[in-house]
Amino acid sequence: MTGGKITSIRTQRRQQEVSNAKSLRAIFGGTESPQPTDPAVPGSLPNNPWTCPKCQTHYAGVTIPTPWGCEHRINPPLEGDCKVCAEAEYQSFMLAQQHKENQRTSELFLKWSEIGDNYLACSFDNFEPLPGTELALQKARAYVDNFGEPDGKWLLLFGPPGNGKTHLGMALRGEIEHRHNCLALAITQPYLLQQIRASWDRKPGDDPDGRSEDWILDKLQVAKFVLLDDLMGWKEWADDRMFVLLDGRYRNQKKTVFTSNHDPGQLEKALGPRLWSRFAARTEMVRVTAGDYRISNERPDTLGE
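Our subject in this report is the structure included herewith. Owing to the predicted nature of the structure, the values given are computational and were not obtained by experimental measurement.

### Focus on the packing of helix α5 (residues 189-200) against helix α7 (residues 239-251)
- One way to put it is that α5 packs onto α7 with a least axis distance of 11 Å and a crossing angle of 120°. Between α5 and α7, the interaxial angle falls into the category oblique. Pair α5 / α7 crosses with right-handed handedness. In this structure, α5 contributes Q189, L192, L193, I196 and W200 to the contact, and α7 contributes R241, M242 and L245.
- Along the lines of polarity and charge, the residues of the contact of α5 with α7 split into 6 nonpolar, 1 polar and 1 charged.

### What to know about the nonpolar core
- L192, L220, L231, W234, F258, L271 and F279 are the most contacted members of the largest nonpolar core, which totals 31 residues.
- The element best represented in this core is helix α8 (residues 264-282), accounting for 5 residues.
- Aside from chain neighbours lying at most four places away, what touches L220 is F109, L185, I187, L192, V226, L245 and R249.

### Details of the pattern of salt bridges
- Under the criterion given, the structure shown has 10 salt bridges.
- Among the ionic pairs, E213 bridges to R241, the shortest N-O distance being 2.9 Å. Remark: R241 occurs in helix α7 and E213 occurs in helix α6 (residues 213-222); sequence separation between them is 28 residues.
- Judged by relative accessible area, which is 17%, E213 ranks as buried.

Rules and cut-offs
Residue numbers restart at each chain and count upward from 1, following the sequence in its written direction. Residue-level local features of this predicted model are given only where pLDDT is at least 70; pairs of side-chain atoms are given and counted only at 80 or more, and the full residue set underlies all totals for whole chains, interfaces and linings. Side-chain calculation: all heavy atoms of the structure are included, whereas hydrogens and water are not. Between the N-to-C directions of two axes lies an angle of 0 to 180 degrees, each axis being a line fitted to C-alpha atoms and, for a helix, fitted only over the stretch in contact. Helix and strand labels come from DSSP, where a helix needs a run of H or I of at least four residues and a strand needs a run of E of at least two; each type is numbered from the N terminus. Working rule for angles: under 35 degrees goes down as roughly parallel, over 145 as roughly antiparallel, 65 to 115 as roughly perpendicular, anything else as oblique. For a crossing to be left-handed, the near helix must be turned anticlockwise from the far one by less than a right angle; the clockwise case is right-handed. Only heavy atoms enter the contact rule, under which two residues are in contact if any of them lie within 4.5 Å. Ten residue types, Ala, Val, Leu, Ile, Met, Phe, Trp, Tyr, Cys and Pro, are classed as nonpolar, four, Asp, Glu, Lys and Arg, as charged, and the remainder, Gly among them, as polar. Nonpolar cores are built from buried Ala, Val, Leu, Ile, Met, Phe, Trp, Tyr and Cys residues. Side-chain atoms within 4.5 Å join them into one set. When a residue's accessible area, from a 1.4 Å probe over protein chains only, is under 20% of the maximum for its type it is buried; when over 50% it is exposed; and in between it is partly exposed. Whenever Lys or Arg places a side-chain nitrogen within 4 Å of a carboxyl oxygen from Asp or Glu, that contact is recorded as a salt bridge.

Quick look at the structure:
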């Protein structure tokens with residue numbers, strides 16, 4: 001490269017540095033440039049302090065020194081353009097969107113669960129206690145009251161079919177969802193595994209409510225509360241899925257309630273050593289000894305007797 005070309009490049013670089021310096025000087029102010037708040041500058045922002053009537057945030061602007069020994073004035077935002085209120089509105093909007101998404105997810109899991117529409121209105125108030133359900137009702141209410149504690153406790157309600165375990169579980173879910181405005185899911189174990197297996201061969205457009213296995217397991221792990229109804233054994237193909245689900249909730253201390261017709265001894269065999277170790281360490285197990293409510297209260301009379 002010749003000396004002339006080198007000189008030309010240096011000259012161009014110097015000219016660019018001078019141009020950049022002038023631009024910075026114009027931005028930050030200086031003795032040769034009028035201040036941005038100078039009334040003589042057309043289009044300059046007003047410099048009047050103001051207070052937001054909604055949140056009472058006061059805006060007065062700020063003056064900062066520049067490297068050239070002068071000051072640069074940053075004006076307050078235009079009156080009415082409150083950044084605090086705008087952020088609050090944005091956060092409120094995002095919370096509303098998250099609530100809608102939680103509702104859609106919760107309804108989808110309830111649809112899959114096959115628990116039944118008659119359980120959607122279950123509450124502690126409309127639970128009809130039978131002899132043998134008193135302790136379960138007490139523990140269920142206490143679980144809701146202590147839900148905010150970061151202890152990750154689990155609860156198992158076990159006993160014969162039809163004695164109110166699912167009612168109490170659904171009452172728990174509804175109360176927690178209402179009080180804490182969080183993602184609270186309910187799913188029956190056999191139908192959960194059915195949905196996972198159905199997702200393997202599902203094609204786009206087959207089922208508008210269909211979801212992938214990863215989506216299902218992810219939602220069940222991140223939800224603040226999960227009711228896993230009708231806990232029982234499962235086939236070998238589901239071992240890894242159930243481990244991912246239960247181990248994930250165990251590690252992240254997520255509140256979980258189970259109902260089952262099996263006693264702890266049977267569940268120990270069904271879950272196997274790895275899961276039972278986690279389950280037994282985290283779970284308060286409550287036996288429900290009441291008789292079958294469905295048979296005693298819903299069964300039609302036998303005719304001809």
